[in-house]
Amino acid sequence: MLGLALVVGGLWIGQNVNLLPDSASANAPVYDELFRVLFSIGTILFLGIVGLVIYSLIRFRRRPGQSKDGLALEGNLPLEIFWTAVPAVVVLFVGLYSYDIYDRMGGMQPLAQSAVHNHQAIEAKERVWGGIGSGPIELSKQAKSSLSVEVTALQFAFLFHYPEGDIISGELHVPSGQPVSMRMESKDVIHAFWVPEFRLKQDVIPGQPTILNFTATKPGRYPIVCAELCGPYHGSMRSTVVVEAPDEYKRWFKENSKDPILEA
Amino acid sequence: MTTASQQTHQSSSGSLQPKGWLKYFSFSLDHKVIGLQYLVCGFIFYLIGGSLASAIRIELSSPMSDFMARDTYNQVLTLHGTIMIFLWIVPVVNGAFGNYLIPFYVGARDMAFPRLNAVAFWLIPPAGLMLITSYFITGAAESGWTAYPPLSITTPAAGQIIWILSVLLLGGSSIFGGINFIATILKLRRPGLKLMQLPMYCWAMLGTSILVVLSTPVLAGTLILLSFDIVAHTGFFNPTLGGNVIVYQHLFWFYSHPAVYIMVLPAFGLVSEILPVHCRKPLFGYSTMVYSIMAIVFLGLIVWAHHMFTSGTPPWMRLFFTIATSFIAVPTGIKFFNWVATLWGGRISLNSAVLFSCGFIANFVLGGITGVALAQVPFDIHVHDTYFVVAHFHYIVYGGSVFVIFSSIYHWYPKFTGRMLNEDLGRLHFLLTFLGFNLCFAPQHWLGLNGMPRRVAEYDPQFTFINQLSSIGALIMALSTLPFLWNVIQSAFKGAIAGDNPWEALTPEWLTTSPPPVENWTGMAPLVKEPYGYGIKEESIQIQSPDISDPENNKQ
Ligand SMILES: [Cu+2]
Ligand SMILES: [Cu+2]
């Protein structure tokens with residue numbers, strides 16, 4: 001009875017208490033689903049164990065006048081098996097489920113492959129280090145080519161280079177609904193590209209390019225945050241990603257493009 | 001600290017050592033003196049590290065960088081992390097309690113290598129002093145306690161090199177300690193005492209020492225290579241010279257993930273000693289507790305790359321480390337269920353030691369749950385390197401290890417000094433610490449989820465209120481040390497006389513005087529085959545077996 005109330009309560013809290021910011025990428029709703037499941041399981045376990053501790057402390061507290069010991073219970077094999085099995089099953093479920101989520105985010109796709117979809121395919125010889133992305137599922141579904149952006153991080157700014165149109169910008173502009181594939185490299189120390197509303201983060205490393213794929217879904221301005229300690233101004237190393245409707249993005253692109261041929 | 005009773009039964013070998021107060025400031029070979037040296041020295045560093053934490057929380061109570069210069073802030077956070085890990089928690093949960101208790105528990109008169117033991121301790125004060133004075137002389141290291149290159153190669157070299165040297169000294173101290181514990185537990189056991197009869201803290205220290213001996217040398221090697229990069233301009237980790245920065249992270253975390261277990265496994269052991277005494281019940285599931293410690297040791301060595309999910313780790317590696325890390329929850333869970341079962345049906349004295357131990361259980365369960373979540377690659381991709389992680393690991397190392405250190409001080413203070421601590425002040429200390437801690441760190445989960453990265457001096461103004469809440473929590477934590485300090489200092493002189501065994505405990509350290517004589521027992525070491533033999537056996541057999549959920553049956 002109590003256990004049932006606990007499970008229902010935990011599920012309710014997990015589904016209804018929202019601790020996350022806006023979701024603005026194809027990746028984010030999938031992440032939020034995982035978050036709600038983990039939050040529900042976590043709430044049930046936490047309230048269950050802490051509840052048992054508080055209950056024991058109250059019920060089994062030494063009352064005045066009690067001088068004898070407690071029970072001489074040294075162990076109980078079925079119980080031990082039970083509470084080895086329960087966490088094992090929970091962990092197994094969480095692992096398989098998060099694998100599924102990771103796969104849906106495109107994390108299991110070898111990234112070199114998804115990079116082939118780019119106009120500016122990265123040379124196959126080059127060592128491409130992994131990076132999570134919205135992945136080829138999105139690509140095939142929308143049958144659109146992805147937008148490639150080259151990201152350079154340096155103390156203490158991000159620079160975004162659009163090879164198509166040869167635009168260099170301090171803000172990242174992306175059209176909503178179109179997959180974006182970013183190739184990132186750092187000029188000095190390790191930085192990290194993080195957009196909380198996209199639920200995505202990837203370190204930007206000197207000497208080793210990393211790839212990050214995503215599809216923005218909701219127009220708006222979202223912060224880009226450097227998440228890896230990179231020096232005194234680390235806290236102010238921020239930029240903005242501007243997600244625009246495709247027409248608006250095209251206007252921005254035309255205004256800034258240095259390559260008139262591509263405009264046609 | 002009260003030494004009167006100690007003078008009476010000294011054997012000849014102890015007489016070369018200084019007596020009275022002086023011995024605590026000398027190269028003493030007595031494991032109990034060394035243990036208390038570790039404890040007091042560690043606590044002084046805790047106060048310093050805590051002041052640095054307060055400075056961080058003051059800076060973060062406003063979104064601008066206004067309390068200190070930005071590079072000072074990075075020095076402060078680097079020192080805070082390094083001091084709390086290498087000078088407070090590791091030396092205290094291992095060095096202090098390990099040295100004090102392990103020889104008692106195995107029935108020995110001292111550690112296997114007393115001189116090595118003293119050397120291990122005396123490496124700590126100079127290393128700590130060097131680290132802290134570097135702040136005033138050259139400026140301290142400012143690349144975080146992780147010292148990732150190339151940042152650690154490009155920040156001012158003097159501070160970084162001093163940081164490396166002091167961590168090397170502290171690592172050396174830790175290795176000496178580890179070797180000593182392994183030798184003592186395996187080789188100095190009193191004849192007739194079997195391994196599976198040892199108190200649980202011995203098993204925890206055996207597991208921890210295995211981790212120390214296997215992983216700390218890797219950290220030492222890595223830091224030596226890093227210092228070559230800084231001083232001699234070699235290119236091991238310097239990308240401009242063809243080095244690889246990710247290799248450093250693998251090597252660093254090969255030590256630093258096990259370091260988490262070096263901080264919490266001994267704490268698990270200490271809780272396993274404290275709870276049975278005050279619950280008047282045997283430790284539940286002794287042998288599963290032993291196996292789960294060893295499982296944690298093994299798994300702890302193969303999970304390090306969960307700190308590197310955003311570092312461009314290949315997919316298969318992300319997957320492997322997710323699974324391995326998640327599975328640590330199983331042996332850890334077993335321990336927690338066993339502690340709850342130890343509480344169940346007991347006669348629990350709700351004293352400060354028990355409160356801190358139960359506070360530990362609550363905090364650590366939360367930290368463990370967020371830990372399993374963080375182990376999932378897709379989850380971690382969002383919150384890695386944010387305040388969510390800051391909250392998580394403070395729930396593990398503060399809510400876990402530090403709560404246990406306090407619990408242990410309340411439990412063993414009568415043995416250390418022969419006097420009792422004041423219980424009312426102890427409960428006040430617990431209340432303030434528990435409230436302050438949770439107010440400080442619980443809101444930080446939200447900050448991380450919503451976009452605040454860690455190690456920043458300035459942040460988005462939308463996070464101001466929650467940060468101020470967290471800072472108020474930190475203030476309460478800082479205040480909570482006052483009743484504690486007053487209590488330990490004044491009880492040393494005026495506390496009620498404890499007697500040899502105020503808790504009526506069965507483990508061997510209580511079967512001698514308080515404080516104990518130089519070689520621990522005046523006669524033979526007692527043979528304690530059942531360190532947890534509490535409880536009313538006859539009654540429990542008659543009444544108890546059918547239904548453990550109804551303890552009312554069992555009242556006398
Ligand atoms: Cu940065
Ligand atoms: Cu770890």
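Residues numbered from 1 in each chain as written. Chains lettered and ligands numbered in written order. Predicted model: local features only at pLDDT ≥ 70, side-chain atom pairs only at ≥ 80, totals over all residues. Heavy atoms only, no water.

## Thoughts on the pattern of salt bridges
Pairing is possible between side chains that carry opposite charge, provided their charged atoms lie close to one another.
Residues and elements named next belong to chain A.
Now for step 1: One pass over the full model with this rule turns up 11 salt bridges over all chains.
Now for step 2: Taking the shortest distance from any N to any O, the salt bridge between Arg 104 and Asp 100 comes out at 3.6 Å. Taken together, the residues span about one helical turn, with Arg 104 and Asp 100 both in helix H3 (residues 77–104) at a distance of 4 residues.
Now for step 3: Linked by salt bridges that have partners in common, Glu 33, Asp 100 and Arg 104 make up one network. (Salt bridge = Lys/Arg side-chain N within 4 Å of Asp/Glu carboxyl O. Helix = DSSP H or I, 4+ residues; strand = E, 2+ residues; numbered from the N terminus.)

## As for the sheet that holds strand S1 (residues 147–154) of chain A
Remark on secondary structure: sheet strands pair via backbone hydrogen bonds, oriented parallel or antiparallel.
Residue and element names in this part refer to chain A.
Now for step 1: Here 5 strands make up an open sheet; going across it, the order is S3-S2-S1-S5-S8 and the pairing mixed. Here the strands that pair on one side only, and so sit at the sheet edges, are strand S3 (167–169) and strand S8 (210–215). Strand-to-strand twist in this sheet, taken as the mean axis angle between neighbours without regard to direction, amounts to 25°.
Now for step 2: Alignment of S1 against strand S5 (residues 179–186), held across 7 bridges, turns out to be parallel. Residue pairing across strands places Ala 153 opposite Ser 186, the latter belonging to S5.
Now for step 3: Its contacts with the sheet put helix H6 (residues 246–256) on S1, strand S2 (157–162) and S3, and the angle it makes with S3 is roughly 105°. (Pairing = 2+ DSSP bridges. Axes fitted to C-alpha atoms, helices over the stretch in contact; angles between N-to-C directions. Contact = heavy atoms within 4.5 Å.)

## So, the coordination of the copper ion (ligand 2)
Tetrahedral coordination by four donors sets the ideal angle at the metal to 109.5 degrees; octahedral coordination by six donors sets it to 90 or 180 degrees.
Residues and elements named next belong to chain B.
Now for step 1: Protein-derived coordination of the copper ion (ligand 2) comes from His 257 (ND1), His 306 (NE2) and His 307 (NE2), at a distance range of 1.7 to 2.0 Å.
Now for step 2: All donor residues of the copper ion (ligand 2) come from one chain, and their arrangement in sequence is H-x48-H-H. A residue pair is termed long-range when its members are at least 10 positions apart, and His 257 in helix H8 (residues 245–279) and His 307 in the loop between helix H9 (286–300) and helix H10 (315–327) qualify at 50 residues. Accessibility assignment for this pair places His 257 and His 307 in one class, buried. (Donors = N, O, S within 2.8 Å, 3.2 Å for Na, K, Ca; no water. Buried < 20%, exposed > 50% of the residue type's maximum accessible area, 1.4 Å probe, protein only.)

## Quick notes on the coordination of the copper ion (ligand 1)
Residue and element names in this part refer to chain A.
Now for step 1: Taken together, His 191 (ND1), Cys 226 (SG), Cys 230 (SG) and Met 237 (SD) make up the protein donors of the copper ion (ligand 1), found 2.1 to 2.4 Å from the metal.
Now for step 2: Around the copper ion (ligand 1), the 4 donor atoms are arranged such that angles at the metal cover 89 to 121°; this shape is classified as tetrahedral.
Now for step 3: All donors to the copper ion (ligand 1) come from one chain, and their sequence spacing reads H-x34-C-x3-C-x6-M. In this pair, Cys 226 sits in strand S9 (residues 220–226) while Met 237 sits in the loop between S9 and strand S10 (238–244), placing the two residues 11 residues apart along the sequence.
Now for step 4: The exposure class of Cys 226 is buried, given its relative accessible area of 1%. (Tetrahedral: all angles 85-135°; square planar, octahedral: opposite > 155°, others 65-115°.)

## Structural notes on the environment of Phe 25 of chain B
Now for step 1: Position of Phe 25 of chain B among the secondary structure elements: in the segment before helix H1 (31–59).
Now for step 2: Those residues in contact with Phe 25 of chain B that lie beyond four places of it in its chain are Gln 37 and Trp 122 of chain B.

## Brief notes about the pairing of S5 of chain A
All names here are of chain A.
Now for step 1: Most of S5 sits inside the fold, with 6 of its 8 residues counted as buried.
Now for step 2: Where S5 and S8 come together, 6 bridges link them in antiparallel fashion. Looking across to S8, one finds that Val 180 is bridged to Phe 214.

## Quick word on the packing of H8 of chain B against H9 of chain B
Residue and element names in this part refer to chain B.
Now for step 1: Taken N-terminus to C-terminus, the directions of H8 and H9 make an angle of 170°; their axes are 10 Å apart at the nearest point. The angle between the axes of H8 and H9 places the two elements in the roughly antiparallel class. Contact residues: His 257, Pro 258, Tyr 261, Leu 265, Phe 268 and Ser 272 in H8; Met 289, Ile 293, Ile 296, Val 297 and Gly 300 in H9.
Now for step 2: Taken together, the residues of the contact of H8 with H9 break down into 8 nonpolar, 3 polar and no charged. (Parallel < 35°, antiparallel > 145°, perpendicular 65-115°, else oblique. Nonpolar A, V, L, I, M, F, W, Y, C, P; charged D, E, K, R; others polar.)

## A few points about the interface of chain B and chain A
For interface size, the figure often reported is the accessible area lost on association.
Now for step 1: Contact with chain B, which involves 97 residues of that partner, is made by 81 residues of chain A.
Now for step 2: Interface area, chain B with chain A, both sides summed: about 7800 Å², of which 68% is carbon and sulfur.
Now for step 3: By the criterion of area lost to chain A, the three top residues of chain B are Phe 337, Pro 378 and His 382 of chain B, representing 8% of everything that side buries.
Now for step 4: The closest approach of N and O atoms between Asp 460 of chain B and Arg 238 of chain A, which form a salt bridge, is 3.7 Å.
Now for step 5: Inspection of the chain B/chain A interface yields 20 residue pairs in polar contact (both at pLDDT 80 or more).
Now for step 6: The class makeup of the residues in the side of chain B that touches chain A is 47 nonpolar, 31 polar and 19 charged. (Buried area = accessible area lost by both parts, 1.4 Å probe. Polar contact = N/O pair within 3.5 Å; in protein donor to acceptor, adjacent residues only side chain to side chain.)

## What about the domain arrangement of chain A?
Residue and element names in this part refer to chain A.
Now for step 1: The assigned domain composition of chain A is domain 1 (2–60 + 77–104) and domain 2 (111–263).
Now for step 2: On the side of domain 2, 13 residues touch domain 1, which itself brings 14 residues to the contact.
Now for step 3: Summed over both sides, the interface of domain 1 with domain 2 buries roughly 1200 Å², with 54% coming from carbon and sulfur.
Now for step 4: When the buried area of domain 1 at its contact with domain 2 is split by residue, Asp 22, Ala 24 and Asn 27 rank highest and sum to 43% of it.
Now for step 5: Taken together, the connections running from domain 1 to domain 2 amount to 2 salt bridges.
Now for step 6: The partner of Lys 218 in a salt bridge is Asp 22, with the nearest N and O atoms 3.0 Å apart.
Now for step 7: Elements represented by at least two residues in the side of domain 1 that touches domain 2 include exactly helix H2 (27–59) and H3.
Now for step 8: A class-by-class count of the residues in the side of domain 1 that touches domain 2 yields 7 nonpolar, 3 polar and 4 charged. (Domains from an automatic or database assignment.)

## Some remarks on the packing of helix H7 (residues 200–231) of chain B against H8 of chain B
Residue and element names in this part refer to chain B.
Now for step 1: Two elements in contact, H7 and H8, have axes separated by 8 Å at closest approach and are oriented at 160°. One way to sum up the angle between H7 and H8 is to call them roughly antiparallel. Two packed elements cross with a definite hand, and for H7 against H8 that hand is left-handed.
Now for step 2: In terms of residue class, the contact of H7 with H8 is built from 22 nonpolar, 6 polar and 1 charged. (Left-handed = near helix turned anticlockwise from the far one by under 90°.)

## Remarks on the sheet that holds S9 of chain A
All names here are of chain A.
Now for step 1: Taken in spatial order, the 5 strands line up as S4-S10-S9-S6-S7 in an open sheet, and their pairing is mixed. Edge strands, defined here as strands with exactly one partner in the open sheet, are strand S4 (172–175) and strand S7 (200–204). Geometrically, the sheet is characterised by an average inter-axis angle of 25° between neighbouring strands, direction not taken into account.
Now for step 2: In terms of strand pairing, S4 meets S10 through 4 bridges, oriented parallel.

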